[in-house]
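# Geometric and topological summary
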Amino acid sequence: MSEVSVLIFGPPNQFLSRIVETYRVLYPGCQIVFSTTTPVEEDFGVDNLLVNREHVQLITENHGNNNNLNNHLNNVQSGLKCCIKPLTLKVRSDLIPIEAIDFRDTLQKYPTR
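The notes below deal with the structure included here. From a predicted model like this one, the values you see are computed outputs, not experimental measurements. (Residues numbered from 1 in each chain as written. Predicted model: local features only at pLDDT ≥ 70, side-chain atom pairs only at ≥ 80, totals over all residues. Heavy atoms only, no water.)

### A few points about the overall build of the chain
Regarding its fold elements, the chain presents three helices and six strands. Counting from the amino terminus, the chain carries its helices and strands in the arrangement β-α-β-β-β-β-α-β-α. Burial statistics for the chain: of 113 residues in total, 34% are counted as buried. For the chain, long-range pairs separated by at least 24 residues make up 61% of all intrachain contacts whose partners lie at least 6 apart in sequence. For the chain, the accessible area works out to roughly 7400 Å², and carbon and sulfur atoms hold 51% of it. (Helix = DSSP H or I, 4+ residues; strand = E, 2+ residues; numbered from the N terminus. Buried < 20%, exposed > 50% of the residue type's maximum accessible area, 1.4 Å probe, protein only. Contact = heavy atoms within 4.5 Å. Areas by Shrake-Rupley, 256 points an atom, 1.4 Å probe, with all protein chains shown as cover.)

### Comments concerning the sheet that holds strand β1 (residues 4-9)
Reading across the sheet, the four strands line up as β3-β2-β1-β6 and stay open at both edges, with parallel pairing between neighbours. Each edge of the sheet is formed by a strand with only one pairing partner; in this case those strands are β3 (48-51) and β6 (87-92). Taken pair by pair, the neighbouring strands of this sheet meet at an average axis angle of 20°, ignoring direction. Examined bridge by bridge, strand β2 (residues 31-36) and β3 share four bridges and lie parallel to one another. Each residue of the ladder has a partner; that of T36, found in β3, is V51. Sheet contacts for helix α1 (residues 16-26): β1, β2 and β6; angle to β1, the most-contacted strand, approximately 165°. Lying over the sheet, helix α2 (residues 69-82) contacts β1, β2, β3 and β6, oriented at roughly 150° with respect to β2. (Pairing = 2+ DSSP bridges. Axes fitted to C-alpha atoms, helices over the stretch in contact; angles between N-to-C directions.)

### Quick word on the pattern of salt bridges
Going through the model one piece at a time under the given rule, you end up with two salt bridges. Between D47 and R24 there is a salt bridge whose closest N-O contact spans 3.2 Å. With D47 in the loop between β2 and β3 and R24 in helix α1, this residue pair connects regions lying 23 residues apart in the sequence. Take R24: its relative accessible area is 29%, and that puts it in the partly exposed class. R92 is paired through a salt bridge with D94; the nearest N and O atoms lie 2.6 Å apart. Judged by relative accessible area, R92 falls into the partly exposed class, the value being 43%. D94 gets classed as partly exposed once you look at its relative accessible area, which sits at 45%. (Salt bridge = Lys/Arg side-chain N within 4 Å of Asp/Glu carboxyl O.)

Purely geometric numbers; function is a separate question.
Structure follows, in structure tokens:
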């Protein structure tokens with residue numbers, strides 16, 4: 001599916017290079033974008049690597065924990081700006097794909113979205 005961009009967001013991990021390789025096999029010709037706030041020293045084999053500035057304003061929840069929603073939104077938004085294919089698959093960096101899903105049929109069922 002060469003019309004797919006895969007947007008991976010979140011912190012890098014020891015499996016990220018393998019995850020990128022798996023997406024390349026599952027979606028041949030895809031563009032892969034990795035968007036994170038963590039400084040990295042390697043590119044993990046992605047087409048576009050974005051290291052975003054971390055938002056210092058965290059959302060404090062009722063039970064006192066900090067929520068990183070602002071970082072999440074920033075990583076996804078900047079990553080989407082780099083995606084050049086007509087379709088984008090947004091996934092977290094800690095998810096390991098096991099099979100390709102051809103979601104084009106589902107999209108055709110719902111032309112108004």
